[in-house]
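Okay, here's what each chain looks like letter by letter:
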Amino acid sequence: MSDDLDPRLEPWFRALRREPPARADARMRLQTALRAEYARPARLALAPQATLLAAAVLVALASALWFGAERWSRPEAAPGLAKYEEFTVTQFVLHADDARSVTIVGDFNDWDPDATPLVQTEAGIWMVDLRLRPGTVRYSFLVDGKEWRADPRGVPAPSDFGRPTSIAFITPIEAS
Amino acid sequence: MRSRSRLRGTLRTISAVLLVILITGEAEAQDLRLRERLEPGTAATVIALMDSARTLELPTEPLVQKALEGESKGATGDAIVRAVRSLIHDLVTARKALGGEIGEGELLAAATVLHVGGTPGQLERLRLHRSHAALSAGLTGLAYLISRGVPAEQSTDLIVAMLNARLPGRAFATLQELVETDVRAGAPVTTAATAHVNALIRMGPSDRTSGGRRP
């Protein structure tokens, strides 16, 4: 590169390239630090640990994605708060003499009218047990696929969409 | 030292990437459910609202459920969007009223309190109990009492009294069971609630609560 330079500039270049004088004590400190660093044995053993950890994280990720749809309703205790029972079995019952089918539709099944049928245990008594996470759960019964009914044993909920709706309060219980 | 810090950096990067993938994966799953069930225009609006909610660090799955509830019940797109907006508003108001960082469970219960007729002022009265283990149960109990017809201010008095007495979460479940039993037997709800709260407080934190759940 310097071959292309004006020869008159050459001395200036040389002067600029010259290493500035280093202080002896600074040079010593640097050399000591470098020696200490390179004298340290290589930590190749950490690489498999990192690989294992990454693999574990990937498995956790896959599990989280697999069960992701359920994840939202879990109340996460703030730091210092109690751990709660994860699920509570709750029984829902509807007395509907004239029904041919009854389903329960709510926050726990994406409001899918066909997802959760009730079973007729005796004439006109329809029942289902659901495992629900603590919190408030909005739901309705759907009779014969077309008639929305609130839970007569439940608590009425404000309806945003003009259909009878109930609300269940699944109280978070401290894990024993 | 260098290799250790390099390892730390690598792990941090992996964690960050996985977190992004996880959040993105969940968001895409939510979007898919909405696109499958809602009209395209309504789905797009709800998804945009959910993006805003994510920016505000609000839980988004309750918004999905609200939209799906509307679809299932044959609501119009406008009604669905209105309901989702209203829920976002309740979540924001609830968080502000309770102040600072609270868990998702507490936030959702507090938003329900607002939805069933409670006020931000009443939620603020529970702010002092933010570190109480039974706050989530207390908020759920408050939403229950208001929904059952106990005046909101009186419901708040009762729940604050229970929290002040350091009653555990089970006590709130028991209260709900006892009140339901009395209401079915024809007792006025406010009278029943007041009597049972006083009894539970007298029994103290180590009560023999049964841990029942729902009426």
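See above for the structure.
Sequence order sets the numbering: in each chain, residues are counted from 1 along the sequence as written. To read the labels, note that chains go from A and ligands from 1, taken in the order they are written. Selection of residues for local features in this predicted model requires a pLDDT of at least 70, selection of side-chain atom pairs for listing and counting requires 80 or more, and totals for whole chains, interfaces and linings are taken over all residues. As a convention, hydrogens and water are excluded, and side-chain values are obtained from all of the structure's heavy atoms.

Chemist: What is the right way to look at the packing of helix α3 (residues 61-72) of chain B against helix α4 (residues 77-98) of chain B in this model?
Modeler: In a pair of packed helices, the angle between the axes and the distance between the axes together describe the arrangement. All names here are of chain B. Packing of α3 against α4 brings their axes to within 9 Å, and their N-to-C directions diverge by 155°. Our classification of the angle between α3 and α4 gives roughly antiparallel. In the crossing of α3 with α4, the sense of the turn from one axis to the other is right-handed. For the pair α3 and α4, the contacting residues are Pro62, Leu63, Lys66, Ala67, Gly70 and Glu71 in the first and Ile80, Ala83, Val84, Leu87, Ile88 and Leu91 in the second. The nonpolar class holds Ala, Val, Leu, Ile, Met, Phe, Trp, Tyr, Cys and Pro. Asp, Glu, Lys and Arg form the charged class, and all remaining residues, Gly among them, are polar. Residues that form the contact of α3 with α4 fall into these classes: nine nonpolar, one polar and two charged. Angles shown run from 0 to 180 degrees and are taken between the N-to-C directions of axes, each axis being a line fitted to C-alpha atoms and, for helices, limited to the stretch in contact. Think of it this way: any DSSP run of H or I at least four residues long counts as a helix, any run of E at least two long counts as a strand, and we number them from the N terminus. By the definition adopted for this analysis, an angle is roughly parallel if under 35 degrees, roughly antiparallel if over 145, roughly perpendicular if from 65 to 115, and oblique otherwise. Less than a right angle of anticlockwise turn of the near helix away from the far helix marks a crossing as left-handed, whereas a clockwise turn marks it as right-handed. By definition, residues are in contact when any of their heavy atoms lie within 4.5 Å.

Chemist: In this structure, what is going on with the packing of aromatic side chains? I would like to understand it.
Modeler: Each pair of aromatic rings is reported with the distance of its centres and the angle of its planes. Residues and elements named next belong to chain A. Pairing of aromatic rings covers Phe, Tyr and Trp, the last counted by its six-membered ring, and requires centre-to-centre distances within 6.5 Å; plane angles under 30 degrees mean stacked, over 60 mean edge-to-face, and any other angle means tilted. Following the criterion strictly, the structure yields four aromatic pairs over all chains and no others. With centroids separated by 6.5 Å and ring planes inclined at 35°, the aromatic side chains of Phe92 and Phe108 adopt a geometry described as tilted. With Phe92 in strand β1 (residues 88-95) and Phe108 in the loop between β2 (102-106) and β3 (119-122), this residue pair connects regions lying 16 residues apart in the sequence. For each residue, the accessible area found with a 1.4 Å probe, counting protein chains only, is set against the maximum for its type, and the residue is called buried under 20%, exposed over 50%, and partly exposed in between. A relative accessible area of 0% means that Phe92 is categorised as buried. Centre to centre, the rings of Tyr139 and Phe141 are 6.0 Å apart; their planes meet at 80°, and the pair counts as edge-to-face. Side by side, Tyr139 and Phe141 carry an identical accessibility label, which is buried.

Chemist: Help me understand the pairing of strand β5 (residues 135-143) of chain A in this model?
Modeler: Consecutive side chains of a regular strand alternate in pointing toward one face of the sheet and then the other. Residue and element names in this part refer to chain A. The element β5 is extensively covered by neighbouring structure, given that nine of its nine residues are classed as buried. Relative to β5, β2 is paired through five bridges, and the arrangement is antiparallel. Across the sheet, the residue bridging to Val105 is Ser140, located in β5. Two strands qualify as a pair provided DSSP detects at least 2 bridges between them. As judged from the five bridges shared by β5 and strand β8 (residues 166-170), these two strands associate in the antiparallel manner. Residue Arg138 lies in a different strand from β8, and its bridge partner there is Ile167. Pairing between β5 and strand β6 (residues 147-149): three bridges, direction antiparallel. Paired with Val143 across the two strands is Glu147, which belongs to β6. Between β5 and β6, which pair antiparallel in sequence order, lie three residues; one of them, Asp144, sits at a positive phi of approximately 55°.

Chemist: I tried to follow helix α5 (residues 104-115) of chain B on my own but got confused; where do I start?
Modeler: A turn of α-helix holds 3.6 residues, and therefore any two residues three or four places apart point the same way. Between the first and last C-alpha of α5 of chain B there are 16 Å, a value that for twelve residues agrees with the 16 Å anticipated at 1.5 Å per step. Backbone geometry just downstream of α5 of chain B places Gly117 of chain B in the positive-phi region, at approximately 125°. Helix span is expected to be 1.5 Å times the residue number reduced by one.

Chemist: I tried to follow the sheet that holds β1 of chain A on my own but got confused; where do I start?
Modeler: Backbone-to-backbone hydrogen bonds join strands into a sheet, with any given pair of strands oriented parallel or antiparallel. All names here are of chain A. Read from one edge of the open sheet, three strands run β1-β4-β3, paired in antiparallel fashion. Because the sheet does not close on itself, it has two edges, and the strands there are β1 and β3. Strand-to-strand, the axes of this sheet are offset by a mean angle of 35°, without reference to chain direction. The pairing of β3 with strand β4 (residues 125-132) spans three bridges and is antiparallel. Paired with Glu122 across the strands is Ile125, a residue of β4.

Chemist: Looking at this structure, how should I read a nonpolar patch on the surface?
Modeler: Residues and elements named next belong to chain A. On the surface, Leu9, Trp12 and Phe13 cluster together into a nonpolar patch covering about 340 Å² of accessible area. In this structure, Trp12 sits in helix α1 (residues 10-17). Given a relative accessible area of 62%, Trp12 falls into the exposed group. In this scheme, patches are assembled from residues that exceed 30% relative accessible area and form no salt bridge. Like charges are connected within 9 Å, while nonpolar side chains (Val, Leu, Ile, Met, Phe, Trp, Tyr) are connected within 5 Å. Per-residue and other accessible areas follow the Shrake-Rupley method at a 1.4 Å probe size, with only the shown protein chains counted as cover for residues. Salt bridges are defined by distance alone: a side-chain nitrogen of Lys or Arg within 4 Å of a carboxyl oxygen of Asp or Glu.

Chemist: What is the right way to read the packing of α4 of chain B against α5 of chain B from this model?
Modeler: Residue and element names in this part refer to chain B. At a minimum axis distance of 8 Å, the contact between α4 and α5 shows a crossing angle of 110°. On the basis of their axis angle, the class for α4 and α5 is roughly perpendicular. Between α4, through Asp90, Leu91, Thr93, Ala94, Arg95 and Leu98, and α5, the contact on the second element is made entirely by Glu106, Leu107, Leu108, Ala110, Ala111, Leu114 and His115. A class-by-class count of the residues in the contact of α4 with α5 yields eight nonpolar, two polar and three charged.

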